[in-house]
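Secondary and tertiary structure notes
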Amino acid sequence: MSRPTDAARPAGGRGQGGDTARADVGGPPRGDVRTGTAGATTGATVNGAGDGTDRLPVRPYGDLALLVDLPGLDEVHALAAALRARRVPGVADVVPAARTVLVLLDDTASSADLARVEGEVRTAWASVARRGHAEGGTDPDSRAGAPGEAAVVEIPVVYDGEDLADVAAWAGLSVGEVVARHTGREYVVAFGGFMPGFGYLTEVDPAIAAPRLATPRTRVPAGSVALAGDLTAVYPRATPGGWRLLGRTDVDLFDVDRDPPALLTAGTRVRFRAVERLDDDQDGGARGDQTVGEGDEAARDGGRTPVGGGGGGGGSDDGGGAAAGGPGRARQDRLVPGATGAPGAPGAAERVGRGAPREPRGVEVLAPGLLTLVEDGGRPGWAAAGVGRSGAADQGALRLVNRLLANDGAAAALEVTLGGLAVRFHERATFALAGAPAPATLDGTPVGMQALLVARPGSVLRLGFPVGGARTYVGVRGGFEAPPVLGSRSYDVLAELGPAPLRAGDLVAIGPRPSALPVVEAVPSRRAFPTGGPVGVALDVRGGPRPEWFDDDALATLLEGEFEVSNASNRVGLRLSGPTIRRRRGEPASEGLVPGAIQVPPDGNPVLFLRDHPVTGGYPVIAVVAADGLDTAAQLRPGDRVSFRWARAGRQVRDVGRVGT
């Protein structure tokens, strides 16, 4: 690796960040927490009441979110706490970041809901401002985890990182002096994001604030203690990243059984302590292999295969399974849900060994295909801990299959990527298929999509390769059961949370049958799925929240060009190849992301984020796919062509309750 020189330093001198390029989707973003956003506009649609709330910069972020610009972290924490306390109806999550608060609405929200929630945001800010004015500053009681309210978290570190000597050379110091400066001060968690347990720590000594790598690594080991300008952090799990590695720790940063799950929450004070070895070290602390092939970057989100990203078969030691010390590792062992009891009784999701002496129930996986996941409506409400909502990639298909079966709309189904699934039913069950149309047989007899079907004990269902689209959903009356993680049965391939990807031999329980009965036996499909032909898919978009990062030529390139979905795509996002989109150099401060956000890295190749996107990001977003196009985007597969066009003024509210939509 080349050593950074003075030429690599940012123009403002040490400790002020830099605009070095980064080509990874998954690496943590980098932005100056204290000098972050630029060019905020008010864009108010709800007037204040003479208390300054009409001047609060609130801007729409696509159809289902609002982004609020604020002066600093104290204000961010105060507003986020106030919004959570208000429990605003229709708000799915609140995402604090460097100088912004992102307010995410439910998938079924309308434009009227967006305006109503904006009013709630302004009211919450008015209450914060009034209390702050009365007390001479931001209300200290509203600051989430303000410094000084909790004990200091001490993190032991073996300082043997690959970039330690490079940072010393950049700073003009010895390695020992760099370590002394890194351990010699107390840090504060500004906010969480990127992935579960990842906390952005401020107050780095400016003398050692070296910029990130010009070329990011395809894999940073779990537990790496890293530096990027005026921020430092610990990687909870293995991931691509461009931060400079100073050392490593074995502290468990995220545990789903802990309350709160994240060790480093906003406002937590942190100190690093140098040690010679860690408790987890063996043979004198030798570190495992840290490098993988270039192509593995795309597959790091749970498996070896692009698009599916989740590796239904086996696992791997370089990003294919839950890394040691990674988030939710207790939930990422091989889960084999099983069910016992009379038909219609609640399924008991539990560990059942293969060949267990009890009579099997539920559904047995004979072949998982490329990737089969248990997915439901997702896990909103955990963004502050770095946990995204996740859930079924095609939420419309999930709602449709559950509507057919008279299930709750968020009941769990099997999400099958590019076919190949084979399952055996061990009890009588009513099921249905939706999403990407795939040839299917039940005991060798062809069966159709979006129709009520009945399987008897011993029946075998097989799915072929879909004729269009990428993801087919298999639902059963009662929904599929699996141990919930943070309130959801969905598997998040970026966070590696939830029931692990299915493999041959797994038993998946069926839940209690609902009291409501289906009202129709079949519905025609009203959707057109991508087929990979010469005619591409056009997605409606709305402007991104940071237009100042792009000029008119960049927008013209996006709207007039045609892009192709690359193989390095999955549930996290679609990497698009095609015309290069030009943007300003540098990186904005980190802020929340939404499904459908089209982010532009320094290389100019856009990334369209899907359901398992990072909670926060540091690249500017040029546009956001309109809410009605998110499910279509989730059905794109490698080789499909896609173009973008401005959405019509005013949003058409979807009728999510109508069967057949």
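Below you will find a few notes about this structure. (Residues numbered from 1 in each chain as written. Predicted model: local features only at pLDDT ≥ 70, side-chain atom pairs only at ≥ 80, totals over all residues. Heavy atoms only, no water.)

**Quick look at the overall build of the chain**
- The helix and strand tally for the chain stands at seven helices and 34 strands.
- Here the chain holds 661 residues, and 59% of them are scored as buried.
- Sequence separation of at least 24 residues holds for 74% of the intrachain contacts in the chain that already meet a minimum separation of 6. (Helix = DSSP H or I, 4+ residues; strand = E, 2+ residues; numbered from the N terminus. Buried < 20%, exposed > 50% of the residue type's maximum accessible area, 1.4 Å probe, protein only. Contact = heavy atoms within 4.5 Å.)

**Details of the packing of aromatic side chains**
- Applying the stated criterion to the full structure yields nine aromatic pairs.
- Between Phe 198 and Trp 243, the ring centres sit 5.7 Å apart and the planes meet at 85 degrees, which makes this aromatic pair edge-to-face. One end of the pair, Phe 198, is in the loop between strand 6 (187–192) and strand 7 (199–202); the other, Trp 243, is in the loop between strand 11 (239–241) and strand 12 (244–248), and 45 residues separate them in sequence. Considered together, Phe 198 and Trp 243 belong to a single accessibility category, that of buried residues.
- In this arrangement the basic side chain of Arg 584 is found over the ring face of Trp 549, its NZ or CZ atom lying 4.1 Å from the centre. (Phe/Tyr/Trp six-rings, centres within 6.5 Å; stacked < 30°, edge-to-face > 60°. Lys NZ or Arg CZ within 6 Å of the ring centre and 35° of its normal.)

**Remarks on helix 3 (residues 164–171)**
- The buried fraction of helix 3 is high, at six of eight residues.
- The set of residues buried in helix 3 consists of Leu 164, Asp 166, Val 167, Ala 168, Trp 170 and Ala 171.
- Summarising the contacts, the buried residues of helix 3 are in contact with helix 4 (175–183), strand 9 (224–228) and strand 12.
- Of the residues trailing helix 3, Gly 172 is marked for its positive phi of about 70 degrees.

**Some details on the pattern of salt bridges**
- The tally for this structure, following the rule as stated, stands at 28 salt bridges.
- For Arg 571, the salt bridge goes to Glu 375, with nearest N and O atoms at 3.5 Å. With Arg 571 in the loop between strand 27 (563–565) and strand 28 (573–577) and Glu 375 in strand 15 (residues 371–375), this pair connects stretches of sequence that are 196 residues apart. The residues Arg 571 and Glu 375 share a single accessibility class, namely buried.
- With its nearest N and O atoms 2.9 Å apart, the salt bridge here joins Glu 591 to Arg 546. Residue Glu 591 is found in strand 29 (residues 591–592), and its partner Arg 546 is found in the loop between strand 26 (537–543) and helix 6 (552–560); the two are separated by 45 residues along the sequence. Neither Glu 591 nor Arg 546 differs from the other in exposure class; each is buried. (Salt bridge = Lys/Arg side-chain N within 4 Å of Asp/Glu carboxyl O.)

**What to know about unusual backbone geometry**
- Look at the link from Asp 259 to Pro 260: it is a cis peptide, with omega at -5 degrees.
- Inspection of the secondary structure puts Pro 260 in the loop between strand 12 and strand 13 (269–274).
- Of note in the backbone geometry, Phe 194 takes a positive phi value of approximately 65 degrees without being a glycine.
- Judged by its relative accessible area of 1%, Phe 194 falls in the buried class.
- The backbone phi angle of Ala 406 is positive, close to 65 degrees, even though this residue is not glycine.

**Here we look at the sheet that holds strand 34 (residues 641–646)**
- One closed barrel accounts for seven strands, arranged 26-33-30-31-28-27-34; its pairing is mixed. Direction aside, neighbouring strands of the sheet carry axes that sit 40 degrees apart on average.
- With two bridges joining them, strand 30 (residues 597–599) and strand 31 (residues 607–609) adopt antiparallel strand pairing. Across the sheet, residue Ile 598 finds its bridge partner in strand 31, namely Leu 608.
- Contacts between helix 6 and the sheet are confined to strand 26, strand 27, strand 33 (621–625) and strand 34, with strand 34 contributing the most and set at about 125 degrees to the helix. (Pairing = 2+ DSSP bridges. Axes fitted to C-alpha atoms, helices over the stretch in contact; angles between N-to-C directions.)

**As for the sheet that holds strand 15**
- Across the sheet, which stays open at both edges, the five strands sit in the order 15-16-23-18-21 with antiparallel pairing between neighbours. Only two strands of the sheet have a single partner each, and these edge strands are strand 15 and strand 21 (453–455). Neighbouring strand axes in the sheet, compared pairwise and without regard to direction, differ in orientation by 30 degrees on average.
- In this structure, strand 16 (residues 413–417) lies alongside strand 23 (residues 471–476), joined through four bridges in antiparallel fashion. For Leu 414, the partnering residue across the bridge sits in strand 23 and is Val 474.
- Most of the contacts of helix 5 (residues 395–405) go to strand 18 (residues 429–435), to which it runs at about 150 degrees, and overall it touches strand 15, strand 16, strand 18 and strand 23.

**Focus: the environment of Gly 377**
- Looking at the element boundaries, Gly 377 is found in the loop between strand 15 and helix 5.
- Gly 377 gets classed as buried once you look at its relative accessible area, which sits at 12%.
- For the pair Gly 377 and Ser 488, spaced 111 residues apart in sequence, the C-alpha separation works out to 7.6 Å.
- When sequence neighbours within four positions are dropped, the list of residues in contact with Gly 377 reads Arg 389, Ser 390, Gly 391, Gln 395, Leu 398 and Ala 410.

**Quick look at the nonpolar core**
- With 27 residues, the main nonpolar core has Ile 155, Tyr 159, Val 167, Val 178, Leu 264, Val 270 and Phe 272 as its most contacted residues.
- At the level of secondary structure, the elements contributing two or more residues to this core comprise strand 5 (153–157), helix 3, helix 4, strand 6, strand 9 and strand 13.
- Looking at this core, the element that brings in the most residues is helix 3, giving five residues. (Core = buried A, V, L, I, M, F, W, Y, C linked by side-chain atoms within 4.5 Å.)

**Let's talk about the packing of helix 3 against helix 4**
- At a closest axis distance of 8 Å, the pairing of helix 3 and helix 4 adopts a crossing angle of 95 degrees. By the criterion of interaxial angle, the relationship of helix 3 to helix 4 is roughly perpendicular. Counting all contacts with helix 3, which are made through Leu 164, Ala 165, Val 167 and Ala 168, the residues of helix 4 involved are Val 175, Val 178 and Val 179. (Parallel < 35°, antiparallel > 145°, perpendicular 65-115°, else oblique.)

**So, the environment of Ala 589**
- Among the structural elements, Ala 589 can be located in the loop between strand 28 and strand 29.
- The buried category is assigned to Ala 589, whose relative accessible area is 2%.

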